[in-house]
Amino acid sequence: QVQLVESGGGSVQAGGSLRLSCAASGPTFEMRAMGWFRQGPGKERELVARINWNEVITSYGDSVMGRFTISRDNAKNTMYLQMNSLKPEDTAVYYCAATKPWGAAYEYWGQGTQVTVSS
């Protein structure tokens, strides 16, 4: 079992930056693939970025490619999302998620953190 807690959300003007963190409690963080998802007003939840256990494999949604960077620090049981050049359409609740050890499906979710980008 793992518990996930996001932080770092807030309000920012377009063009600004934010860094989200996801702190994981419980064992085996380093064995889990991790991901960031978001759900904007009236929209379905979408994948923002994901990262495998040793950062060798990362992938991004088309809308954030080149602006967002996902990373993790297994020694600190923490995952990050650096968000640059933010746009109003990035406004959403951002969730972090984790798989079971060596799993593929995201089965554990944080409570979410709000990101609001104003024009």
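What you see is a predicted model, and the numbers here were worked out from it, not measured in a lab.

The rules behind each value
Residues numbered from 1 in each chain as written. Predicted model: local features only at pLDDT ≥ 70, side-chain atom pairs only at ≥ 80, totals over all residues. Heavy atoms only, no water. Helix = DSSP H or I, 4+ residues; strand = E, 2+ residues; numbered from the N terminus. Rg over C-alpha atoms; globule rule 2.2 N^0.38 Å. Buried < 20%, exposed > 50% of the residue type's maximum accessible area, 1.4 Å probe, protein only. Contact = heavy atoms within 4.5 Å. Lys, Arg positive; Asp, Glu negative; His and termini not counted. Salt bridge = Lys/Arg side-chain N within 4 Å of Asp/Glu carboxyl O. Polar contact = N/O pair within 3.5 Å; in protein donor to acceptor, adjacent residues only side chain to side chain. Disulfide = S-S within 2.5 Å.

K.L.:
How would you summarise the overall build of the protein if you had to cite specific residues and measurements?
P.N.:
Helix and strand counts for the protein stand at zero helices and eleven strands. Listing every helix and strand of the protein by position from the N terminus yields β-β-β-β-β-β-β-β-β-β-β. Radius of gyration (C-alpha) of the protein: 13 Å, near the 14 Å computed for a compact globule of 119 residues. Scored against the burial criterion, the 119 residues of the protein give a buried share of 44%. Once local pairs closer than 6 in sequence are excluded, the contacts in the protein between residues at least 24 apart make up 55%.

K.L.:
Could you give an account of the side chain of Arg-32, naming the residues involved and the relevant values?
P.N.:
With respect to the helices and strands, the residue Arg-32 is situated in the loop between strand E3 (18–25) and strand E4 (34–39). The buried charged residue Arg-32 lacks any salt bridge partner; its closest oppositely charged side chain belongs to Glu-30, at an N-O distance of 7.5 Å. Within polar-contact distance, the side chain of Arg-32 engages the backbone oxygen of Thr-99 at 2.9 Å. Once residues within four sequence positions are removed from consideration, Arg-32 is found in contact with Gln-1, Val-2, Pro-27, Trp-53, Arg-72, Ala-98, Thr-99, Lys-100, Pro-101 and Tyr-108.

K.L.:
Pulling in residues and values, what's your account of the state of the cysteines?
P.N.:
According to the stated counting rule, one finds one disulfide in the structure shown. Here Cys-22 pairs with Cys-96 through a disulfide, and the sulfurs are 2.1 Å apart. Between Cys-22 and Cys-96 the disulfide shows an S-S torsion of about 55°. By sign, it is right-handed. Of this pair, Cys-22 sits in strand E3 while Cys-96 is found in strand E9 (residues 92–99), placing the two residues 74 residues apart along the sequence. Comparing Cys-22 with Cys-96, the two get one shared label, buried.

Geometric values such as these leave the question of function open.
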